[in-house]
Amino acid sequence: MSEKKQGPHVVAIGGGRGLATALRAARRYAADITAVVSVADDGGSSGLLSAAYGLVAPGDLRKCLVALAAENHIAADVFEYRFDAGPLGGHSVGNVVIAGLEAVCGGILPALEACTSLLGCAGRVLPVSTQRMQLEAELEGGDIVRGQAHITAQATRIRRIRIHPFDSKPAPGVLEAITAANQVIIGPGSLYTSVIPPLLVEGVREAVSESRALKVYVCNLMGQRAESVGLTAVDHYRALIEHGICCDVLLYHPWGRDAPEGAVLEGNLTTLGHETKAVACYLADSSDPSSHDPLALATALSNLG
């Protein structure tokens, strides 16, 4: 019998590439990992499959499965392969496989269990909800825009994000995983369209708030058009607070004078309040300043306890 791995039970919440990076970091030090994934993406392959077959969006789920897959597993490479032409042009193999398994297995949860087994994943991947959902953004100026793809195409800053249905229920296992966690990672990722939405599903932010786990917000390295250009790290965190989400730690990269254009800078830490600790760590990938280095992020997160 193999010795049980030592380390915290980690729940990572969000979506997209940012959540996948957090999972790649967590697998380096965690004993148990659960990804709680946004399913509000309605663009590209994910959106097309969701609309055509009435399924939850598979794209962010795929990214998380691949992030947790066994090292050098050929199936992980296959899952990420994207057809560039023909009837499947624009679709990734993983999205199609998840959609097919959902139909065959009778639901997204057994489909993800099958994918986890196929890829030899070092953790669980759960959709935040088994219901299809859509994002609604209130922009500065009062305009309302629906749909993630439409929201990210706007040039106007977002004031608030909501989900439809407003009373979307959490998937089985989500609240239980949060309650049992020792560490909850929120982000990194698109602030309004990946990070905040899964926390708005009924009961999720309450479970995070009531959890005894250390709650860490990992701030983006770079601002994003419409969502966060010009926002500081403190502004990012304030957006979470305005949506009812508080953390114990704000983890951010301390850009110096050599900060690239669009970098997310520190901001006025005195406005955080005594309950949130700001921790600066060098987290950027040396070859891509817009991406977190999973090893550096793992070191930072594990050192938090």
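Above this text sits the structure in question.
All figures in this text were calculated on a predicted structure; none of them were measured in a lab.

What counts, and where the lines are drawn
Residues numbered from 1 in each chain as written. Predicted model: local features only at pLDDT ≥ 70, side-chain atom pairs only at ≥ 80, totals over all residues. Heavy atoms only, no water. 1 Å grid on protein atoms, 1.4 Å probe; cavity = no way out; pocket = protein on both sides within 12 Å on 5 of 7 lines; lining within 4 Å. Points joined across faces, edges and corners; volume = space filled by probe spheres on them. Helix = DSSP H or I, 4+ residues; strand = E, 2+ residues; numbered from the N terminus. Nonpolar A, V, L, I, M, F, W, Y, C, P; charged D, E, K, R; others polar. Salt bridge = Lys/Arg side-chain N within 4 Å of Asp/Glu carboxyl O. Axes fitted to C-alpha atoms, helices over the stretch in contact; angles between N-to-C directions. Parallel < 35°, antiparallel > 145°, perpendicular 65-115°, else oblique. Contact = heavy atoms within 4.5 Å.

Quick notes on the layout of surface pockets
- In this model, the largest pocket occupies a volume close to 510 Å³.
- Around the largest pocket sit 25 residues that line it, and Gly16, Arg17, Gly18, Gly189 and Ser190 are the ones nearest its centre.
- Contributions of two or more residues to the lining of the largest pocket are made by helix H1 (16–26), helix H3 (59–68) and strand E12 (288–292).
- For the lining of the largest pocket, the leading source of residues is H1, giving 4 residues.
- Of the residues belonging to the lining of the largest pocket, the class tally is 4 nonpolar, 16 polar and 5 charged.
- Approximately 260 Å³ is the volume found for the second largest pocket.
- Mapped by element, the contributors of at least two residues to the lining of the second largest pocket are H3 and helix H4 (74–80).
- Of the residues contributing to the lining of the second largest pocket, the split by class is 6 nonpolar, 2 polar and 5 charged.

Things to note about the pattern of salt bridges
- Evaluated as defined, the whole model comprises 8 salt bridges.
- One salt bridge in this structure joins Glu80 and Arg62, with 2.6 Å as the shortest N-O distance. Remark: Arg62 occurs in helix H3 and Glu80 occurs in helix H4; sequence separation between them is 18 residues.
- Within the structure, one salt-bridge network assembled from shared partners comprises Glu136, Glu138, Arg146, Arg159 and Arg162.

Some thoughts on the packing of H3 against helix H5 (residues 93–105)
- Packing of H3 against H5 brings their axes to within 9 Å, and their N-to-C directions diverge by 105°. Comparing the axis directions of H3 and H5 gives the class roughly perpendicular. Counting all contacts with H3, which are made through Gly59, Leu61, Arg62 and Leu65, the residues of H5 involved are Gly94, Asn95 and Ile98.

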